[in-house]
Amino acid sequence: MSIGAIVSAFSKFPQFQFHLHHHHHHQGTFLYNFAALLHSPSSSRVCVCNNIVTTTSSSSVVNPKRSISTQPKPPKSASNNLDDALVSFNRMLNSRSIPSIYSINKLLASIVKMGHYQTVISLIKQLHLQGVPVGAYTINIGINCYCHLNRVDFGFSLLGSLFKRGYEPNVVTFTTLIKGLFAQDQFSEAKNLFIKLLGEKQIKPTVVTYGTVINGLCKSGNTKIALELLRSIETLNFEDEGMVYCYSMIIDSLCKDRMISDAKNLLVEMSKKGFSPNVVTYSSLIHGLCNFGHWKEVTELLREMVDRNVSPNVRTFNIVVDAFCKEGMVKEAEDVLEVMIKRGEVPNVVTYNALMDGYCLRGQMEEAQKVFDSLVNRGFQPNIISYNSLINGYCKKRKIDEAMHLLREIRRNGVNHTVVTYNTILHGLLQNGKFAAAEELFNEMLAEGRIPNVCTYTILLDSMCKTRQITEAFSFLRLMQKNELYIDIACYNLLINAACKVGKIEIAKELLNEVFSKGLQPNARTYSAIIDGLCQEGSLDEAKELLTRMEDNGCFPTEFTYNVIVQGFLKKNQVYEAMALLEKMQESGFSAANSTIEMLVEVLPTREQDPTLLNMIRKLAPKET
């Protein structure tokens, strides 16, 4: 199945029809015959060039270099809308007549939609102070705001206020609180409140209530329970739209749990039961299939959407664009993007970020920067993901000055940079030996209130180990433990490897014991580092014992492990021990390294009459072509 088929499937949606031109691309077995250019059959067509989209007549020359649409402009910031809403609120509150609570609630609901939850809570408090009578509807708005602010405890306080005012909570009240509990990972409390609601039978849950619970169950990793709940409500005759929402949530969760077959089966099942999948349903499954590279099935789903007259939205396009970019297939992503533009769908920040990341993965920083500039020119505000992608790309290309410039730009533009931003640049500085600058950045990070995470400490630990600052590295490990940070096996491997490299094998063995005591599972890197260290100091019997222990613990030696221990025995002229290990190595499907073969050849003059050794060398030597 060609990647072009996916692009072609997009082009078959009713709004636009395109002629498909094919060319070949060789980046994996599934890359062939994909569409390069998609032209509208109308007298005018979209020309995407030099980061500007223009409409040209059919006689005009089209620049083949494609980029992203810069029209239309995105909506302006909502700050002006908020100012207008606050002016209206104050006007209502200061009017001579008692303001209509209906008008106030409508205004509060509009501010909630803007995401200004704390502002709404302050306004509700003003209503209380002014003696404006508020009812259950207003209090429900307040509960919703507290839940959005992750203060469901204050939401329950407002529930108490509701009772005190003589009002009865309704299904919206409890649905909002259940949603708030799930949002704060209070799974048991959410489940208990829902069960209590069902048990008392005073308030009948709606499909929105069930959908909220199903969504919460899915997000907390309880997809199986969510599916059982869905089965139980199928006979309650809820409206189709609500049921489709519930199915979509579970399909999305199954995809995230890597249960793609179950998700596909559920899509078939819902259709058979008369529930028509919508764009959210299809987009969720397309996302799951893209993550596994199942391009043929993605194409089939897109065709099914055509047949059902379900149009892809911006999210659908972004999913496919992002999937192609993650595979390094930026040209294919541009094909999909061109269809998106011609369909009249406006690329958003997510689209730009996906393309930037794709170019960064390929090391094409000039192209990535062009996409970033297009984002800005189009009137969008780059978010922290936009900046982090570019910073990561520049650091990987060792262009630290450009990365630092972007960090300063983030501050100037008022974007909240995260610990990820600092970690990326910190790693880049240390990789380039700029230790003073790294220390300055780390202190700056602390001064700005950014709390280092385990990734920050691992980056610093790695740098100390590579520069053989073993004492400092151990101090750092203990600091991590003191701060109760989760320390994974990768952190221990860094220290174990560094200790072995400087001949401190006893410390490495102590760390291995600590790994076991912490309940962590050593991996092949852990064992191989210590086996290498033991061989370097000549403790071959101990190295062989550790190899056996490694296998007993269910961790299989790698090619590196075998080569290290074989070379250890050869250095001590223990040829037959080395040959026994080489036999075992070959049985495991591994090959001897050139350095191992060279060491075997070096001992040959002392054992010329040994046919076993000669046969082993013949077996290991690369075949002449």
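Computed from a prediction, not measured in an experiment: that's the story for all the values here.

The next subject is the overall build of the chain. Each helix and strand in the chain was counted, giving 32 helices and four strands. Sequence-distant contacts in the chain: of pairs separated by 6 or more residues, those separated by 24 or more amount to 60%. By element, 52% of the accessible surface of the chain is carried by carbon and sulfur atoms, the whole surface being about 31400 Å².

This part takes up the state of the cysteines. Working definition of a disulfide: a covalent bond connecting the sulfur atoms of two cysteines. Enumeration over the complete set of coordinates arrives at zero disulfides. For the unlinked cysteine cysteine 455, the closest cysteine sulfur is that of cysteine 491, found at 9.2 Å. Free of any disulfide, cysteine 465 has its nearest neighbouring cysteine sulfur in cysteine 491, separated by 9.4 Å. Residue classification places cysteine 465 among the buried positions, given a relative accessible area of 10%.

Before going further, it helps to spend a moment on the packing of aromatic side chains. Applying the stated criterion across every chain, the model contains ten aromatic pairs. An angle of 80° between the planes, with centres 5.4 Å apart, marks the rings of tyrosine 146 and phenylalanine 154 as edge-to-face. Using a relative accessible area of 13% as the deciding quantity, one classes tyrosine 146 as buried. Judged by centre distance (4.9 Å) and plane angle (40°), the rings of tryptophan 295 and phenylalanine 324 are tilted. A residue pair is termed long-range when its members are at least 10 positions apart, and tryptophan 295 in helix H14 (residues 295–307) and phenylalanine 324 in helix H15 (residues 314–326) qualify at 29 residues. Each member of the pair, tryptophan 295 as well as phenylalanine 324, carries the same accessibility label: buried. In this structure, arginine 151 packs its charged tip against the face of phenylalanine 154, placed 4.1 Å from the ring centre.

This brings us to the side chain of threonine 223. Assignment of secondary structure puts threonine 223 in helix H10 (residues 223–233). Here threonine 223 falls in the buried class, since its relative accessible area comes to 5%. One polar contact links threonine 223 to serine 253, side chain to side chain, over a distance of 2.6 Å. When sequence neighbours within four positions are dropped, the list of residues in contact with threonine 223 reads Leu217, Cys218, Ile250, Ser253, Leu254 and Asp257.

A few words now on the pattern of salt bridges. Counted under the stated rule, the structure contains 20 salt bridges. Among the salt bridges present, the one from arginine 231 reaches glutamate 269, with a minimum N-O distance of 2.4 Å. One end of the pair, arginine 231, is in helix H10; the other, glutamate 269, is in helix H12 (residues 260–272), and 38 residues separate them in sequence. The shortest N-O distance in the salt bridge between arginine 408 and glutamate 444 comes to 3.4 Å. Taken as a pair, arginine 408 in helix H20 (residues 400–412) and glutamate 444 in helix H22 (residues 435–447) lie far apart in primary sequence, 36 residues in all. A relative accessible area of 31% means that arginine 408 is categorised as partly exposed. Sharing partners across several salt bridges, the network here consists of Arg231, Glu234, Glu269 and Lys273.

Our next topic: the packing of helix H19 (residues 384–396) against helix H21 (residues 419–431). Where H19 contacts H21, the axes come no closer than 9 Å and their chain directions differ by 10°. The orientation of H19 relative to H21 falls into the category roughly parallel. Taken together, the residues of H21 that come into contact with H19 (itself represented by Ile384, Asn388, Ile391, Asn392 and Cys395) are Val420, Thr421, Thr424, Ile425 and Gly428. Within the contact of H19 with H21, the residues separate by chemical class into five nonpolar, five polar and no charged.

Turning next to the environment of aspartate 185. Considering the arrangement of structural elements, one finds aspartate 185 in the loop between helix H7 (171–183) and helix H8 (187–200). For aspartate 185, a relative accessible area of 69% puts it in the exposed group. A sequence separation of 31 residues divides aspartate 185 from glycine 216, and the C-alpha atoms of the two residues are 8.8 Å apart.

If you check H20, its first and last C-alpha atoms are 19 Å apart, about what 13 residues at 1.5 Å a residue would give, namely 18 Å. Taken residue by residue, H20 has Ile400, Ala403, Met404, Leu406, Leu407, Glu409 and Ile410 as its buried positions. Those residues of H20 hidden inside the fold are in contact with helix H18 (365–377), H19, H21 and H22.

Turning our attention to the packing of helix H6 (residues 152–164) against H7. It is the contact of H6 with H7, at a shortest axis distance of 9 Å, that shows an interaxial angle of 160°. In terms of orientation, H6 and H7 fall into the roughly antiparallel class. Judged by the twist between their axes, the crossing of H6 over H7 is left-handed. Together, Val152, Gly155, Phe156, Leu159 and Leu162 of H6 and Thr173, Leu177, Gly180 and Leu181 of H7 make up the contact between the two elements. Residue classes in the contact of H6 with H7 are distributed as six nonpolar, three polar and no charged.

With that settled, the discussion passes to the confidence of the model for the chain. Confidence along the chain averages 81 in pLDDT terms, with 84% of residues attaining 70 or more. Within the model, pLDDT remains below 50 along residues 4–12, and this stretch shows 35 contacts once partners closer than five positions in the same chain are excluded.

Moving on: the layout of surface pockets. A probe matching the size of a water molecule, rolled over the atoms, marks out where space remains unfilled. Space inside the largest pocket adds up to approximately 890 Å³. For the largest pocket, the lining is made up of 33 residues, of which Asn144, Thr175, Thr176, Lys179 and Thr212 are closest to its centre. For the lining of the largest pocket, the residue count by class is 13 nonpolar, 15 polar and five charged.

The next thing to look at is the nonpolar core. Core analysis: the largest hydrophobic core is formed by 183 residues, its most contacted members being Ile214, Ile286, Leu390, Tyr492, Ile530 and Ile531. It is helix H11 (residues 240–256) that provides the largest number of residues to this core, a total of nine residues. When residues no more than four places from it in sequence are discounted, the contact partners of isoleucine 286 are Val298, Leu301, Leu302, Met305, Thr316, Ile319 and Val320.

In the Ramachandran plot, asparagine 150 falls in the positive-phi region, its phi being about 60° despite a non-glycine side chain. Within the secondary structure, asparagine 150 is located in the loop between helix H5 (136–148) and H6. Judged by its relative accessible area of 41%, asparagine 150 falls in the partly exposed class. Unlike most non-glycine residues, arginine 258 shows phi in positive territory, near 65°. With respect to the secondary-structure elements, arginine 258 resides in the loop between H11 and H12.

Looking at the element boundaries, glutamate 559 is found in helix H29 (residues 559–571). Accessibility expressed as a relative area gives 35% for glutamate 559, which makes it partly exposed. Through-space distance from the C-alpha of glutamate 559 to that of methionine 585 is 7.5 Å; in sequence the pair is 26 residues apart. Those residues in contact with glutamate 559, other than ones at most four positions away along the chain, are Met585, Phe590 and Ser591.

The first and last C-alpha atoms of helix H23 (residues 454–466) sit 18 Å apart over 13 residues, in line with the 18 Å expected at 1.5 Å per residue. For H23, the set of buried residues is Thr456, Tyr457, Ile459, Leu460, Leu461, Asp462, Ser463, Met464 and Cys465. As for H23, its buried residues are in contact with H21, H22, helix H24 (470–482) and helix H25 (489–501). Backbone nitrogen of cysteine 455 and a side-chain oxygen of the N-cap are separated by 3.1 Å at the start of H23; the cap is asparagine 453.

Parameters and conventions
- Residues numbered from 1 in each chain as written.
- Predicted model: local features only at pLDDT ≥ 70, side-chain atom pairs only at ≥ 80, totals over all residues.
- Heavy atoms only, no water.
- Helix = DSSP H or I, 4+ residues; strand = E, 2+ residues; numbered from the N terminus.
- Contact = heavy atoms within 4.5 Å.
- Areas by Shrake-Rupley, 256 points an atom, 1.4 Å probe, with all protein chains shown as cover.
- Disulfide = S-S within 2.5 Å.
- Buried < 20%, exposed > 50% of the residue type's maximum accessible area, 1.4 Å probe, protein only.
- Phe/Tyr/Trp six-rings, centres within 6.5 Å; stacked < 30°, edge-to-face > 60°.
- Lys NZ or Arg CZ within 6 Å of the ring centre and 35° of its normal.
- Polar contact = N/O pair within 3.5 Å; in protein donor to acceptor, adjacent residues only side chain to side chain.
- Salt bridge = Lys/Arg side-chain N within 4 Å of Asp/Glu carboxyl O.
- Axes fitted to C-alpha atoms, helices over the stretch in contact; angles between N-to-C directions.
- Parallel < 35°, antiparallel > 145°, perpendicular 65-115°, else oblique.
- Nonpolar A, V, L, I, M, F, W, Y, C, P; charged D, E, K, R; others polar.
- Expected span 1.5 Å × (residues − 1).
- Left-handed = near helix turned anticlockwise from the far one by under 90°.
- pLDDT = per-residue confidence, 0-100.
- 1 Å grid on protein atoms, 1.4 Å probe; cavity = no way out; pocket = protein on both sides within 12 Å on 5 of 7 lines; lining within 4 Å.
- Points joined across faces, edges and corners; volume = space filled by probe spheres on them.
- Core = buried A, V, L, I, M, F, W, Y, C linked by side-chain atoms within 4.5 Å.

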